[in-house]
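Overview (structure and organization)
Here is what each chain is made of, one letter per residue.
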Amino acid sequence: MPQIEDRKLKEQELHDHLRSDLASDPYYTSNKKFYSISRSNNDYVKQWIAARCPGKRVLDYCCGNGQHTFSLAEAGADAYGIDISPASIEIASAESARRGLNDRMQFLVMDAEATEFPGSFFDLVVVSGVLHHLDLDRAYQELARILKPGGEIICTEALRHNPFIHLYRKMTPHLRSAWETRHILGRSEIARARRYFDGVEVARFFHLASLAAIPFRNSATFNPLLHALESVDSVLLRLPVVKWQAWMAVFVLSRPKKP
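1. A closer look at the packing of aromatic side chains
- Going through the model one piece at a time under the given rule, you end up with 13 aromatic pairs.
- Aromatic side chains Tyr-80 and Phe-117 sit 5.8 Å apart centroid to centroid with 90° between the ring planes, which places their arrangement in the edge-to-face category. With Tyr-80 in strand 2 (residues 78-83) and Phe-117 in the loop between strand 3 (105-109) and strand 4 (122-128), the pair connects residues that are 37 residues apart, well separated along the chain.
- Through pairs of rings, three or more aromatic residues link up here, namely Phe-34, Tyr-35, Tyr-168 and Trp-247.
- Arg-57 extends its terminal NZ or CZ atom over the ring of Phe-121, reaching a point 3.9 Å from the ring centre.
- A cation over an aromatic ring shows up here: Arg-99 above the ring of Phe-70, its NZ or CZ 4.2 Å from the ring centre.

Below you can see the structure in the form of structure tokens.
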């Protein structure tokens, strides 16, 4: 990969660091508790992928350790994973070999804003919590370039509108880069995708009431409580104003505008 900008180099160094020396340090993994409630958004994306990816060429965009890439390969996709962090790609490649999946997947160190793939290469792209790490216009433009005209991109992103969630981000700067904190997506950033895609649809919002289950994640009451709060969210997060206070949104991009 060619020499990268200072912003990207800092991102690479942070994630190399988090993937190695600090992987088990509670100080640097304290936000992991929030992901105890993320089953509903993960299940939604898995079902979306399972219905579309068999026999397709699919990219896990900024794949980290390859968790989603393995799911793509196991669902029958010709799977690719890219990340700017060499440590992440090394871990993912080793796990691919251990699982015997090397013939169905590739992991590559790449700059997500300027990949080395040819145009219109992928049928599907999976983007999981990474757009706020990137220059959004460059990322959208590159995604539109590498997506086939009839392809789709499914994006899961945290939202910035809830003041309490965003305050937590600002109070824990050691968990993320300064760029990341400043570039959490909101309604306008999702709408900006229309410059590059004719199809932009927010499919679902996730996690508002269900955040209250996090303190109970290690108790016997957690699963029934989370189930009940997810039911509350299924009603709350249909309301026009309230839904943008959710922690996460899943949106789908399609019909890329080609140069």
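2. Regarding the sheet that holds strand 6 (residues 197-206)
- Spatially, the seven strands line up as an open sheet ordered 3-2-1-4-5-7-6, and their pairing is mixed. Only two strands of the sheet have a single partner each, and these edge strands are strand 3 and strand 6. Neighbour to neighbour, the strand axes of the sheet diverge by 15° on average, direction disregarded.
- Bridging between strand 6 and strand 7 (residues 248-256) involves eight bridges; their strand directions are antiparallel. Bridging across to strand 7, Gly-199 finds its partner in Ser-254.
- Against the sheet, helix 2 (residues 39-50) engages strand 4, strand 5 (147-158), strand 6 and strand 7, with an angle of about 170° to strand 5.

Definitions and cut-offs
- Throughout this document, residue positions are counted from 1 along each chain, in the order its sequence is written.
- Per-residue local features of the predicted model are confined to residues with pLDDT of at least 70, and side-chain atom pairs are confined, for both listing and counting, to 80 or more; whole-chain, interface and lining totals are unaffected and use all residues.
- The side-chain figures draw on all heavy atoms in the structure; neither hydrogens nor water molecules are used.
- Working definition: rings of Phe, Tyr and Trp (its six-membered ring) pair if their centres are within 6.5 Å, and the pair is stacked with planes under 30 degrees apart, edge-to-face with planes over 60 apart, and tilted otherwise.
- Helix and strand definitions follow DSSP, with helices as H or I runs of at least four residues and strands as E runs of at least two, each counted in order from the N terminus.
- Either the NZ atom of lysine or the CZ atom of arginine qualifies as a charge over a ring when it sits within 6 Å of the ring centre and within 35 degrees of the ring normal.
- Being paired, for any two strands, means DSSP has found at least two bridges between them.
- Note on method: axes are straight lines fitted to C-alpha atoms, helices fitted across the in-contact stretch only, with angles between N-to-C directions ranging 0 to 180 degrees.
- Contact between two residues is taken to exist if any of their heavy atoms lie within 4.5 Å; hydrogens are not considered.

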